[in-house]
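Fold and geometry: a report
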Amino acid sequence: MAGIITTGSHPKALWPGVKAWWGMTYNEHITEYDKLFDKDSSSKNYEEIVQSTGFGLVPVKGQGQGIQYDSQVQGFTTRFTHVAYGLGYIVTKEELDDNLYMELSKSRSASLAMSFRQTKENVAANIYNRAFSSTYTGGDGKALCATDHPNTSGGTFSNKPAVDADLSEASLEDATIALMGFQNDRGLLINVLPRSLIIARQEWYNANRILKSVYTPGSANNDINVLKATNALPEGIVMNHYLTSPHAWFIRTNVQNGMKYFERTPVSFDQDNDFDTMNAKAKGYERYSFGWADPRAVYGSNGP
């Protein structure tokens, strides 16, 4: 729908009698991308997050023998290259002069702002939408959620089940148990804790039944719901309207430098007039990047 807004774009706006205009703006969902990523600022063309390995277990020192020494090495590097986003519109002077409906003219700036907000939500959600695709890889050459993330020191680790599972009490229990066994690159146990459950709208009611039932959901037994009793997901359920897979689900963890959002240039809106044509111009611009470094920040299942 490119082009200049002229008197022919809204012919009804040149005549009295229109009761109301609709379709320009609607109520929007609250900001959702900030529940999926940790925000940081940037002052460069790109940002890099680099892995460095730790030390291994301490060996026994024999009597009279020297201390053994370990080393550290640089691991995987993840680069966040910022992308610029811009959009605007042009309105002829004649359209502005002859348009009888101020509500139509005012709605354009609101529509432009909505476009920017929706774009950012889609860009952010696409990191999760592509979490199981080998086409979109991170610094270690693997998809965000994979069973064979390589360690720099050797071996692999998994942040998804071997067989994708639907969202259920059992699959969530298995996921949290898997998180309890997470190790660093040198095989030392680390305290990885689940924070929130991220789902698409199709799993909203199912997720609430699973996490908020006092007793075992979907059962006549009096067993307690251990997920609720232990507060296994302290930040609760995060529904994201921009996830495209209806049954994929994710657990965000407390691992730092995992899911990152870098803001290079905050969104700004400007307007001006062209000297020759006297057309009015309005535009918006921002620059940012979304991605991940440490895959341990997320555990995901591409529910069948």
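See the structure shown above.
What comes next concerns the included structure. From a predicted model like this one, the values you see are computed outputs, not experimental measurements.

Looking at the overall build of the chain
Of the regular secondary structure elements, the chain holds 5 helices and 12 strands. Classification of the 304 residues of the chain by burial places 37% in the buried group. Of the contacts formed within the chain by residues at least 6 apart in sequence, a portion of 76% connects residues at least 24 apart. When the accessible area of the chain is evaluated, it comes to approximately 17,500 Å², of which 53% is carbon and sulfur surface.

Structural notes on the sheet that holds strand β10 (residues 259–273)
Strand order across the open sheet formed by 4 strands is β1-β10-β11-β4, with mixed pairing between neighbours. Either end of the sheet is taken by a strand with one partner, and the two such strands are β1 (38–41) and β4 (83–91). Here the strands of the sheet are splayed against their neighbours by 30° on average, with no regard to which way each runs. In terms of strand pairing, β10 meets strand β11 (residues 280–292) through 12 bridges, oriented antiparallel. Counterpart to Q271 in the pairing with β11 is A282.

Rules behind the numbers
- Throughout, residues of each chain are indexed from 1 in the direction in which the sequence is written.
- Local features in a predicted model are, by the rule used here, given only for residues with pLDDT of at least 70; side-chain atom pairs are given and counted only at 80 or more, and totals for whole chains, interfaces and linings are based on all residues.
- Note that the side-chain values use all heavy atoms of the structure and ignore hydrogens as well as water.
- Only runs of H or I of at least four residues qualify as helices and only runs of E of at least two qualify as strands under DSSP, and these elements are numbered from the N terminus.
- Accessibility here uses a 1.4 Å probe with only protein chains present; expressed as a share of the type maximum, an area under 20% marks a residue as buried, one over 50% as exposed, and anything in between as partly exposed.
- Throughout, a contact is declared for two residues whenever any of their heavy atoms are within 4.5 Å.
- Only the protein chains shown count as cover for residues, with accessible areas throughout obtained via the Shrake-Rupley method and a probe of 1.4 Å.
- The pairing criterion is simple: DSSP has to find at least two bridges between the two strands.
- In this description, a line fitted to the C-alpha atoms serves as the axis of each element, helices being fitted only across the stretch in contact, and the angle between N-to-C directions of two axes falls anywhere from 0 to 180 degrees.

None of this, on its own, says anything about what the molecule does.
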